[in-house]
Amino acid sequence: MYLSELKLWSFRKFGSNSNFDRNKPDFIISFQKGLNLLVGENDSGKTAIVDAIKYVLLTNSREYIRLEIDDFYNYHQISKDKKQTLRIECHFKFNAEDNDSKAKNFLDWGHFNDKGEFELRIFFEAEQKNGKIEPYDIRGGMDNEGVVLDARARELLRITYLKPLRDAKEELKPKKGSRLSQVLDSHSTFAEKDNHFLTKTVKIANKEITNFFEGNKSHHHTLLDEIKQILGSENTLMPEIEEKFNPYLHDSDKKGDELANRINAYLSNFFGIDTSSQFKISETNLRGILERLSLHLDRTNAGLGSHNLLFIAVELLLLEKEDDFTGLRLALIEEIEAHLHPQAQMRLVEYLQKECSNKGVQMLLTTHSPNLASKVKLENLIICRDNYAYPMGSEYTMLEKGDYAFLERFLDVTKANLFFAKGVILVEGDAENLLLPTIAKIIDCDLTQNGVSIINLGGLTFKYYERIFIQKDKPQAEQMNTPVAVVTDVDTKVWEFYDDTDNEKHIEDCYELSQSVIDDVIAQYSDDFENLIFDTTKSVFEKFEEGVLVYFRSYLKDGKKRLPNGFKNFVKSKIIRREITEAELSNNQKQVKTLKEQQHSPAENDKVKGFVNTYWTLEYELALSSLKEQFFTATLMAKDYDYFVLVELETYEQRAKTQIAQWVTESKTPQQIAYQIYWVEMMGKGTNKTSKATVAHFFAEILEIEMKEATQKAALKQEIETDEYLKYLVDAIKHATSKS
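Residues numbered from 1 in each chain as written. Predicted model: local features only at pLDDT ≥ 70, side-chain atom pairs only at ≥ 80, totals over all residues. Heavy atoms only, no water.

Draft legend 1. Examining the overall build of the protein chain more closely. Helix and strand content of the protein chain: 28 helices and 21 strands. The C-alpha atoms of the protein chain give 37 Å as radius of gyration, which overshoots the globular expectation for 740 residues (27 Å, by more than 25%). By principal-axis analysis of the C-alpha atoms, the protein chain measures approximately 120 × 70 × 70 Å. Counting only residues that meet the buried cut, the protein chain has 48% of its 740 residues in that class. Sequence separation of 24 or more characterises 74% of the internal contacts of the protein chain that already satisfy a separation of 6 or more. Within the structure as shown, the protein chain displays about 37700 Å² of accessible surface, and the carbon and sulfur contribution to it stands at 47%. With 96 positive and 119 negative side-chain charges, the protein chain shows a spacing of 3 Å between the two charge centroids. (Helix = DSSP H or I, 4+ residues; strand = E, 2+ residues; numbered from the N terminus. Rg over C-alpha atoms; globule rule 2.2 N^0.38 Å. Buried < 20%, exposed > 50% of the residue type's maximum accessible area, 1.4 Å probe, protein only. Contact = heavy atoms within 4.5 Å. Areas by Shrake-Rupley, 256 points an atom, 1.4 Å probe, with all protein chains shown as cover. Lys, Arg positive; Asp, Glu negative; His and termini not counted. Charge placed at Lys NZ, Arg CZ, Asp CG, Glu CD.)

Draft legend 2. Just the packing of helix α23 (residues 628–640) against helix α24 (residues 649–665), in detail. Relative to each other, α23 and α24 sit at 120°, their axes nearing to 8 Å. When the axis of α23 is compared with that of α24, the two are oblique. Note on packing geometry: the crossing formed by α23 with α24 is right-handed. Between α23, through K628, E629, F632, T633, L636, M637 and D640, and α24, the contact on the second element is made entirely by L649, Y652, E653, R655, A656, K657, Q659, I660 and W663. Residue classes in the contact of α23 with α24 are distributed as eight nonpolar, two polar and six charged. (Axes fitted to C-alpha atoms, helices over the stretch in contact; angles between N-to-C directions. Parallel < 35°, antiparallel > 145°, perpendicular 65-115°, else oblique. Left-handed = near helix turned anticlockwise from the far one by under 90°. Nonpolar A, V, L, I, M, F, W, Y, C, P; charged D, E, K, R; others polar.)

Draft legend 3. Seen up close, the environment of K200. Note on placement: K200 falls in helix α6 (residues 197–213). Measuring from C-alpha to C-alpha, the distance between K200 and Y641 comes to 79 Å, with 441 residues separating the pair along the chain.

Draft legend 4. Quick look at the sheet that holds strand β11 (residues 330–333). The sheet built from six strands is open, its strands ordered β10-β11-β12-β3-β13-β14 with mixed pairing. Lying at the two open borders of the sheet, with one neighbouring strand each, are β10 (160–162) and β14 (388–391). Averaged over neighbouring strand pairs, the angle between their axes works out to 15° when direction is ignored. In the sheet, β11 pairs with strand β12 (residues 362–367) via four bridges, with the strands oriented parallel. (Pairing = 2+ DSSP bridges.)

Draft legend 5. Inspection of the pairing of β14 at higher detail. Alignment of strand β13 (residues 381–385) against β14, held across four bridges, turns out to be antiparallel. Within the sheet, the bridge partner assigned to I383 lies in β14 and is Y390. The loop that links β13 with its antiparallel partner β14 comprises two residues; one of these, D386, has a positive phi angle of about 50°.

Draft legend 6. Expanded view of the pairing of strand β4 (residues 84–93). Of all 10 residues making up β4, nine are buried, and the element is well covered by its neighbours. Strand direction decides the pairing type here: β4 and strand β6 (residues 118–129), joined by 10 bridges, are antiparallel. Along β6, the bridge assignment pairs E89 with F123.

Draft legend 7. Broad picture of the sheet that holds strand β18 (residues 511–512). Strand order in this open sheet of three strands is β19-β18-β20, and the pairing throughout is antiparallel. Where the open sheet ends on each side, the last strands, each with one partner, are β19 (540–541) and β20 (576–577). Of the strand pairs in this sheet, β18 and β20 are connected by two bridges, and their pairing is antiparallel. Paired with E512 across the bridge in β20 is I576.

What follows is the structure in structure tokens.
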């Protein structure tokens, strides 16, 4: 049995101004059987979700929970003479093995679906008018009115709850109504209240206290005398028995009765009549005894984090029901990471995942921690944002089975930031990661101020991360409203690369695919390929094996990865190998750009958009742009230094300026100059590469220095925003910060 779904109407932030309609909830969230981790920024609704569940199900600790007037959506805007309705529904599903053992407890409120599975819906509906909440009942049933839930059923549905702002050390101290006493009192170990071992122990202790202050022998003294009578005082065992009893014996030398008599004498004089008092442990009922207990770690100087773990361990006792318990095993824990360092967080959540799996327990945790988000299985995550909840299970997203395996391996703490960001920029490498925050500041779109995270994927694995933001079978209005900018290179080399006589690769290395080749392949290998087409946007390839063969491999049937035997030679005999013109190469580049932009701009969610440069790489376009001097300066410095040397900046700026002026004098085109800066100077024609990350870092430092002076920053902003080669970066930043 587990909580499968929560529906809300007009509850806190989850509401609307339209008329109340039981068939149209304002909010719906689905849960998995085991662990569920709710992630999201502050005020995204995580606490509201937890509280809504508590209002319906109550908690094992019997804390006082009551619906308040401010739980109603925008209640202060409702006309005083008009009623406002709030409704909360909890839906439960039962595992196949639960249908007999647990469903029988809820037959009056549940029903069997067409698959023979038992389902249960528990809800309440409350109304307020003039700030007063009308009485309401917790009900169950599949119709809208339902049947009032009886006390036994409510007990079986109680949950365990850990509040967020918990002072674990204080909660474990002895005091009236302590959290420790609440937890222990709810545990089956203390079910027998009147005749419990601890109650008997305190009663015996009170007898001993009374004996001491009345001057009588202790109970243990009396017991020792009885043993002597039975065994005989001369028995060889008596010395050993007396040694065992010594810690519990007292005699008249301690004069407890004299102390008590002095107090009673004072009292008699105070009252004017004989008055006596009695020393004893005040609480003899079990709850009172438990309130006097404290719990400590067997280590000195334990901090808040250690006490928090101890407190969580105590709370989880409430999930330990007897084997024959036929109710709900559900725990709600808010901000589970409180006071814990990252490694402790990961260790804790990993253990809780195993507990959920091994013991059939369901947990709903809330967190602000990317550490936890990166450790929990992706399908157990629920992203809360903009009054919606987006489960990451395979039935809810466009992610495929293999995508989950990939993301769980590579979704580290840094990448997990995307679950909490207001906007996301996905980049393929360090250069964009280092440079984009500075450009964003210059154009007044500071990423930090706008809650935007840059996620460096370290490769071209965009599709896995893009699909996180696409909900399956949902209209655009219900898709995740997080702007995601995918920034990538077109990665097709420019004419200057092939036209360079010193370069190894030349334009005649290109291959052209045609419809006739596709037709020949289909005729010869009809059983090996699926939906094979001639794609004009991919008709020219620079390399045979890394271009043409990869193209055909993408159309293989049944997920095959190997091409048929003899296929390579067959295609090579059919395909045209020829020189192409500069115009054809440029046209091909534009087609690839368009294709990549479409590829990273899924139709299902227009908040996910691809931003692709026009020519080759980011660095080549920077060398084409109005910032070419600053970029060339950074390149020259990065060839000589591993760290930015401010005192040398002017020297390198002059070198860059002089060299660019010389190229202009030599009548080199802007494209040829960009080729020299990027491919020759920075990359050493692919043989002696300068670190792209170092160049980007130095380039960002130079821009940061220039933007410190207001007029320079304004000029820099104007240059960047009007530069055609930087447009895709500017557009990506403005999309992610919602300023486009």
